[in-house]
Amino acid sequence: LFQNNDFLRNTVHRHEPPVTAQPIQILVEDDEVVVVDKPSSLPVHPCGRFRHNTVIFILGKERGLKELHTIHRLDRMTSGVLMFAKTVEVSQRIDEQVRQRQLEKEYVCRVVGEFPEHEVVCEEPILVVSYKVGVCRVDPKGKPCQTVFQRLSYNGRSSVVKCLPRTGRTHQIRVHLQYLGHPIVNDPIYNMEAWGPDRGKGGKIDKTDEELLKALVEEHCSRQSLDVLGIAEEDLSAGAGNKGCGDSSECTSAQAGLVNENSCPAEETGDPGRDAGDPKEKEAAACPLNCDTNLETLENSKELGLSGNRDGEMEEKSVEEKDPLCMECKISRRDPSPKELVMFLHALRYKGVGFEYCSKMPEWAMEDWEE
């Protein structure tokens, strides 16, 4: 029992998910704004399991740019043009342009297969399946949205497509491309087998939301790529999962500390006037999911110097594996390749009243590029 003047200290041991080492390039800096070319895998601001590996933190530490105001946001796996205001006045001025729909956004991506040559307009409503995992799908009960697509090139296997989002729903571009049967080539959520043989084309999933989420997590477990989803391994041991809230008003913040970076308002279309700006939505989180792989047992085995042989039995290792960057644990963590940390979706241009900011076309979007 605790008594008066007792002192309690709790030490939390965490590892941030890995991110690419690609530097943040500053495109424009003046008295009003800072515009950068954000690398893929970096969240915009600290949230979920990310603290140091964020655009805001790195700009403050390496460039001395403090107290920046977020104008719009990009999904963690999306690269490209990202704007920050240096003053509240500038932020409010651009926010007003967004509310008046005066901000034009142009993205480029590489998708599976031969995308139609003619202009394609997708207006399917989008529903959030899980705020925790950061998964959405097309659903009649979802929120209305519109994306315009135009093919730029086709190399025989994949197409480069220009995307013009007219609204700013969570994962709008990625979900609409999946619905059209042309998901982004390396999308770690919407181009997965968990969606079924057609991978969600035409909205055909044939799974409940709970089954879909479980299948997605299990697929990433098998690939040892949970960090791509932004899910902590300890989240998986907390009982059966259920889907996220379809409406932010129905969510609770009881597990707000477990919200991953996809739960934060950091979507590819980045509309500050959009629904993700709702404080309730920022805090909303679904219950943790189960995975058939018992990661907690696996890590404990590693700490004891054990590894599995081909027969599934545990054999003792002569040398303990230890993370050279961590004095607290003996877990050997897989270092992902740069390929795993990049998704082929890039914010190419943002244009408003009195400004237009562009970045270079990414290498993977060149007409003669081959994987």
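None of the values given here were measured: they were computed from a predicted structure. (Residues numbered from 1 in each chain as written. Predicted model: local features only at pLDDT ≥ 70, side-chain atom pairs only at ≥ 80, totals over all residues. Heavy atoms only, no water.)

Undergrad: Would you explain the overall build of the chain in this entry?
TA: On a plain count of helices and strands, the chain comes out with seven helices and 14 strands. Residues counted as buried form 50% of the 371 residues belonging to the chain. (Helix = DSSP H or I, 4+ residues; strand = E, 2+ residues; numbered from the N terminus. Buried < 20%, exposed > 50% of the residue type's maximum accessible area, 1.4 Å probe, protein only.)

Undergrad: Help me out: how do you make sense of unusual backbone geometry in this one?
TA: Residues apart from glycine generally show negative phi values, whereas peptide bonds are mostly found in trans. Even without glycine at this site, R101 takes up a positive phi of about 55°. R101 sits in the exposed class, given a relative accessible area of 61%. The residue R199 is not glycine, and still its phi comes out positive at about 55°. You can see R199 is positioned in the loop between helix 3 (172-179) and helix 4 (209-223).

Undergrad: Sorry if this is basic, but what is going on with the pairing of strand 10 (residues 158-165) here?
TA: The side chains of a regular strand alternate between the sheet's two faces. The buried fraction of strand 10 is high, at seven of eight residues. In this structure, strand 5 (residues 104-112) lies alongside strand 10, joined through six bridges in antiparallel fashion. Bridge pairing in strand 10 links V108 to K162. Note that strand 9 (residues 147-154) and strand 10 share seven bridges and pair antiparallel. Looking at strand 10, one finds that T147 is bridged to P165. Linking strand 9 back to strand 10 in an antiparallel pair, the connection comprises three residues, with G156 at a positive phi of about 100°. (Pairing = 2+ DSSP bridges.)

Undergrad: Could you clarify how one ought to interpret the UniProt feature "active site" (unreviewed entry) in the chain in this entry?
TA: When the UniProt feature table is mapped to this numbering, "active site" (unreviewed entry) covers D75. For D75, the position within the fold is in the loop between strand 3 (69-70) and strand 4 (79-85). (UniProt positions renumbered as here; feature names shortened; annotations may be inferred.)

Undergrad: I tried to follow the pairing of strand 9 on my own but got confused; where do I start?
TA: Here strand 6 (residues 120-122) pairs with strand 9 via three bridges, running antiparallel. In the sheet register, V120 faces strand 9, and the bridge partner there is F149.

Undergrad: Just to check I follow, could you spell out empty space enclosed by the protein for this structure?
TA: Where empty space is left can be seen by rolling a probe of water-molecule size over the atoms. Counted according to the given criterion, the structure contains four cavities of 30 Å³ or more. In this structure, the second largest cavity occupies an estimated 50 Å³ of space. Taken together, R137, V138, V175, Q178, Y179, W195, G200, G203 and I205 make up the full set of residues lining the second largest cavity. Those elements giving two or more residues to the lining of the second largest cavity turn out to be strand 8 (135-138) and helix 3. (1 Å grid on protein atoms, 1.4 Å probe; cavity = no way out; pocket = protein on both sides within 12 Å on 5 of 7 lines; lining within 4 Å. Points joined across faces, edges and corners; volume = space filled by probe spheres on them.)

Undergrad: Just checking my understanding: could you explain a nonpolar patch on the surface for this structure?
TA: On the surface, a nonpolar cluster with roughly 240 Å² of combined accessible area is contributed by L152, M361 and M366. Counting through the fold element by element, L152 comes out in strand 9. (Patch = residues over 30% accessible without salt bridge, like charges linked within 9 Å, V, L, I, M, F, W, Y side chains within 5 Å. Areas by Shrake-Rupley, 256 points an atom, 1.4 Å probe, with all protein chains shown as cover. Salt bridge = Lys/Arg side-chain N within 4 Å of Asp/Glu carboxyl O.)

Undergrad: Would you explain the environment of R99 in this entry?
TA: Relative to the helices and strands, R99 is located in helix 2 (residues 88-99). Classification of R99 as exposed rests on a relative accessible area of 52%.

Undergrad: Explanation requested: the layout of surface pockets in the structure shown.
TA: Approximately 820 Å³ is the volume attributed to the second largest pocket. Lining the second largest pocket are 36 residues; nearest its centre among them are N186, K339, V342, M343 and F344. Listed by contribution, the elements that provide at least two residues to the lining of the second largest pocket are strand 1 (25-29), strand 2 (33-38), strand 4 and helix 4. Split into classes, the residues belonging to the lining of the second largest pocket amount to 16 nonpolar, ten polar and ten charged. (Nonpolar A, V, L, I, M, F, W, Y, C, P; charged D, E, K, R; others polar.)

Undergrad: What exactly am I supposed to notice about helix 3 here?
TA: In terms of residue burial, helix 3 counts as a mostly covered element, since seven of its eight residues are buried. Those residues of helix 3 that fall on the buried side of the exposure criterion are Q172, I173, R174, V175, H176, L177 and Q178. Count one or two residues on from helix 3 and you reach G181, which has phi positive near 85°.

Undergrad: In this structure, what is going on with the packing of aromatic side chains? I would like to understand it.
TA: Pairs of aromatic rings are described using the distance from one ring centre to the other and the angle between the two planes. As enumerated under the stated definition, the model contains six aromatic pairs in all. Considering the side-chain rings of F344 and W369, the 5.4 Å spacing of their centres and the 85° angle between planes classify their relative orientation as edge-to-face. Taken together, the residues span a long stretch of sequence, with F344 in the loop between strand 12 (314-316) and strand 13 (345-352) and W369 in the segment after strand 14 (355-358) at a distance of 25 residues. What makes F344 buried here is its relative accessible area of 9%. Here the aromatic residues F344, W364 and W369 are joined through ring pairs into a cluster of three or more. (Phe/Tyr/Trp six-rings, centres within 6.5 Å; stacked < 30°, edge-to-face > 60°.)

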